[in-house]
Amino acid sequence: MELPSRYNPQEVEDNWYKFWEEAGFFRIEPDLKKKPFCIVIPPPNVTGILHMGHALNNTIQDILIRYKRMRGFNSLWIPGTDHAGIATQNVVEKSLAQEGAKRQDLGRDKFIERVWQWKEKYGSTIIQQLKKLGSSCDWQRTRFTMDAGLSEAVLEAFIRLYNKGLIYRGNYIINWCPRCQTALSDEEAPHQEVEGSLYYIKYPLSTRHPLDSARGEQAPGTRQFDYIVVATTRPETMLGDTAVAVNPKDKRYKKLIGKTVVLPMVNREIKIIADTMVDIEFGTGAVKVTPAHDPNDYVLGKKHNLEFINVMHPDGRMNENAGKFNGSDRFKCREEVLEELKRLDLLEKAHPHTHAVGHCYRCHTAIEPYLSRQWFVKMQPLAKPAIKAVKEGKIQFFPARWTKIYLNWMENIQDWCISRQIWWGHRLPVYYCQVCSKQANELTVNSEQFTVNCKLSTVNKKGVIVSREKPIRCPACGSTDIYQDGDVLDTWFSSWLWPFSTMGWPNTGNKQQATGNRQQATGNEPRILKPVACGLEPSDLSYFYPTSVLVTAQEIIFFWVARMIMAGLEFMRDIPFRDVYIHGTVRDLTGKKMSKSLGNIIDPLEIINEFGADALRFSIVSITAVGQDIFLSEEKFHLGRNFCNKLWNASRFILMNLEPGEVRVELCQFFEKEKLDIINRWILSRFYSVLRELNQALDSYRFNEAASLLYQFFWHEFCDWYLEIIKPKVNEQHNQIVMYKVLEKFLRLLHPFMPFVTEEIWQKLPHEGESIMIQTWPHIQNNMVDKKLENQIESIFNLIAQIRNMRSELELKPRQRVKVSVYSHEETKKRLLREKSDLVMNLAGLEVLELLTVSKRPNATISAVVEDMDVYLHFSDLVDIAREQLKIREKIAASARLKEEAERRLNSRDFIKRAPRDIVDKEKERKERLGREVKRLERMLNELQ
């Protein structure tokens, strides 16, 4: 039963995880006798390795799963990984490049085979790392977004949406990554501020027209101008201009509307059009219109029936429409265009200009707005029921502020571009008949050819076949000349089905569904399935869907969360989850998001190897306030390690002094029969009070508050007070039973947070059952809760703590016995002090405790106030007063100097603007603390005088 003198997590964590897994404690099946609780893991990329964001996200999920399991729920945590189309293809292409090859050298089928080989070899890395963290997933249910079952779900979803008219193909401006050579959604192309230039370019007028000057030249009408000046940040795209636009309210250009200019270097005449979209204040108020290369220009192009000219190849090189610049890289072409404009005296000026540019979320290449034929999902019809579900409270966000953000995005949702020009992923179930396509005058659609010089028109569906399998012949003309679309679906098209595709949708296996047997519960309780007819087993889908809660990061609320809600309501006719908990982003102490490129990451596996998984889990949860980002450093993990050691040492003390035969009693019966002393009644009351608060915190996703409750109770109340008080009489039966019962129940409360160390200690205690993880969560015993007693004992402890502080201020040695006088303004406290005077004297190191009958300060004392008690410590003959006064003056000067430094920092606008919010808050707190310290020292100096 004895514990080693030191806890070594490396010696126990792997062993206990293997024990749990082999014992089948993670395996879950539908059980109508239990209430279901289900979480689907946000599937990490198959290319991924564990980072601190994963550690935080999965620790929170594991806490919920273990907590609900112990509370009697049938708790299922479904794991899996995402095929991560672009990221995985990039990894394998880099591997090929090291061999001097390209994917095109292998061909599509061989390349896909190579990716599967990579996946089988490396794709489970993050799964093994999640196990190191202690994640209690049902690993037998591990899914992959390109598993056969999930691929079938993708086909089903696509075909259903297509048949409803919600999937269509068209020519639109999309975000295009020239490096990955694929389309990206808006969410996959985050904008970054870029330092560039604004170039002012002269577009010669076809004929001479009077033009008001926007730059303070001659007065209107006094001379003839030969050009109009436009301002642009991307001069290379001017080669595809099909108009110049001005605002109809701009008086400077009214006479030019409808006239034409000659496009420099191309010598093509283009119109000057008027539209209110043009910002009069930007540049000269006249803008170039390139409908094939700018989303706003695209809108203007459709509105004014302009020509759409694509001047780039998919890899970012200029194409034949760029004339003599054909073949140049887009950025090299920019330089060449500017040089040519200077030579022609058409570049008026350029000045620095900061603007936002979208970048590929994978390779960080600047994206190109690009006119391309792509596949889209109409989102507004799907968004309406998803908006309604949240507004009606069927789905709740934690923190609640995310509700408004979600609704704002959904109410302004744009159609979703779902086609990607890569090879790894779910290939579109779309086939084309060559004969019908040729008759319909459609261009071939594959990953390398794009619309050039096309007028926008409605796509003719003739020759387009959406099918689960390749058709033998065209249903329209009977031709067998059929080929499949070369594009794959956006990775998120598979993961938006995740809450139900992982449970077998659209097939539910051999089990018959118990659909319609749901009973909606209220409050925190999940729905309960009523017993079904004899012989019917519930399927996973009917039993576990909707899932209970989704735990995710704020970065993918639009990528994933919103789309899952839409998919659940569309395909399951039900919400996918009831609660959405959005945690913050893990950052370094300067406020920067952790990333490899910045070199500021902290590797969770290194922390686990040094401190243990329990220390990592408890530390990161302790500093994760609801809705706030996490500012992390390696020092923060000392909190968890120290708490782990405290738990170990206290448990070791208890085990060394425990008589196992004395503690096998029922606590409730023992409490009712025995007349326990005040300290044992107090610790039991505190335990069940903390249990009530802990339940409330966990049920409302306040994880840092829950961790704080556990920490404060065990370290300060149970160890610092209770164990210290009973230590002289630890062998007495009452003390034996209570300290054992509180420790054993506390280990159960702590288990979801620190599963390994709690299992190791619990196994050494007298116990029943195989593992702590399948023990029941303690029930609140209201008859043991005595808040009045808690308040009284807290007052005593506060008094002792204050006396200890006063001794410390005078630097008295522990063996020095002192006299303290106390006057209580409240009769109950007076009685309590008389009853517990021995306790106060022993713990505070007193020779005399004098209970004053009148409120009068004795001579030669320093004073303090604790609640309604006046406390006086007699210092005569204990200290050298002159020496103490000198030390206090030095402390006052040092504290005042530090306080002034903090004030100077807080008065600095640069510091307030640049420093992370938590650093500023800490500095404010430091200034206030130092101010209080100065006042306390001044008061003490005055008393010594």
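As the structure is a prediction and not an experimental result, all values here were calculated from the model.

A. Layout of the sheet that holds strand S31 (residues 869–874). An order of S29-S28-S31-S30 is seen for the four strands of this open sheet, with the pairing classed as mixed. Each having just a single partner strand, strand S29 (846–851) and strand S30 (861–866) make up the two edges of the open sheet. Here the strands of the sheet are splayed against their neighbours by 20° on average, with no regard to which way each runs. Sheet analysis places S30 next to S31, joined by six bridges and oriented antiparallel. Paired with Val-865 across the strands is Asp-870, a residue of S31. On the sheet, helix H26 (residues 787–809) packs against strand S28 (818–824), S29, S30 and S31 and is oriented at approximately 30° with respect to S31.

B. Expanded view of the side chain of Thr-232. Within the element layout of this structure, Thr-232 appears in strand S8 (residues 225–232). For Thr-232, a relative accessible area of 8% translates into the label buried. Dropping the residues within four chain positions of it, Thr-232 is found in contact with Ser-197, Leu-198, Tyr-199, Ile-201 and Lys-288.

C. Fine view of the sheet that holds strand S18 (residues 430–433). Strand order in the open sheet formed by three strands is S19-S18-S20, with antiparallel pairing between adjacent strands. Of all the strands in the sheet, the pair left with one neighbour each is strand S19 (464–466) and strand S20 (482–484). Across the sheet, the axes of successive neighbouring strands diverge by a mean angle of 30°, strand direction being ignored. Bridge count between S18 and S20: three bridges; the pairing is antiparallel. Each bridged residue has a counterpart across the sheet, and for Tyr-432 the counterpart in S20 is Tyr-483.

D. Broad picture of helix H2 (residues 52–70). Helix length check: H2, at 19 residues, gives a terminal C-alpha distance of 27 Å against a target of 27 Å (1.5 Å per residue), a fit within 8%. Counting buried residues along H2, 18 of its 19 residues qualify, which places the element largely inside the surrounding structure. Phi for Gly-72, located one or two positions after H2, is positive at around 95°.

E. Layout of the nonpolar core. Among the nonpolar cores identified, the biggest contains 210 residues, and Phe-493, Phe-718 and Phe-753 are the most heavily contacted of them. A per-element tally of this core places helix H23 (residues 703–726) first, with 15 residues. Sequence-distant contacts of Phe-718, that is, excluding residues within four places in its chain, are made with Ile-654, Ile-683, Phe-713, Leu-723, Met-739, Val-742 and Leu-743. Of all hydrophobic cores here, the second largest spans 36 residues; its members include Met-238, Val-246, Tyr-253 and Val-261.

F. Fine view of the pattern of salt bridges. Inspection of every chain in the model, using the stated rule, returns 47 salt bridges. Asp-540 is the partner of Arg-141 in a salt bridge, and the nearest nitrogen-oxygen pair spans 2.8 Å. Of the two residues, Arg-141 sits in the loop between helix H6 (125–133) and strand S4 (143–144) while Asp-540 sits in helix H15 (residues 540–544), which places them 399 residues apart along the sequence. Here Asp-540 falls in the buried class, since its relative accessible area comes to 17%. Measuring nitrogen to oxygen at the nearest pair gives 2.8 Å for the salt bridge that ties Glu-705 to Arg-702. Overall, Glu-705 belongs to the partly exposed group, its relative accessible area being 34%.

G. Main features of the pairing of strand S1 (residues 36–40). Of all the five residues making up S1, five are buried; the element is thus mostly covered by neighbouring parts of the structure. Burial along S1 is two-sided: Pro-36, Cys-38 and Val-40 and Phe-37 and Ile-39, pointing in opposite directions, are all buried. In the sheet, S1 pairs with strand S2 (residues 74–78) via five bridges, with the strands oriented parallel. Paired with Phe-37 across the bridge in S2 is Ser-75.

H. Helix H24 (residues 733–750), seen in detail. Over its 18 residues, H24 extends 26 Å from the first C-alpha to the last, a length consistent with the 26 Å expected when each residue adds 1.5 Å. Of all 18 residues in H24, 16 are buried; the element is thus mostly enclosed.

Reading the values: rules and limits
Residues numbered from 1 in each chain as written. Predicted model: local features only at pLDDT ≥ 70, side-chain atom pairs only at ≥ 80, totals over all residues. Heavy atoms only, no water. Pairing = 2+ DSSP bridges. Helix = DSSP H or I, 4+ residues; strand = E, 2+ residues; numbered from the N terminus. Axes fitted to C-alpha atoms, helices over the stretch in contact; angles between N-to-C directions. Contact = heavy atoms within 4.5 Å. Buried < 20%, exposed > 50% of the residue type's maximum accessible area, 1.4 Å probe, protein only. Expected span 1.5 Å × (residues − 1). Core = buried A, V, L, I, M, F, W, Y, C linked by side-chain atoms within 4.5 Å. Salt bridge = Lys/Arg side-chain N within 4 Å of Asp/Glu carboxyl O.

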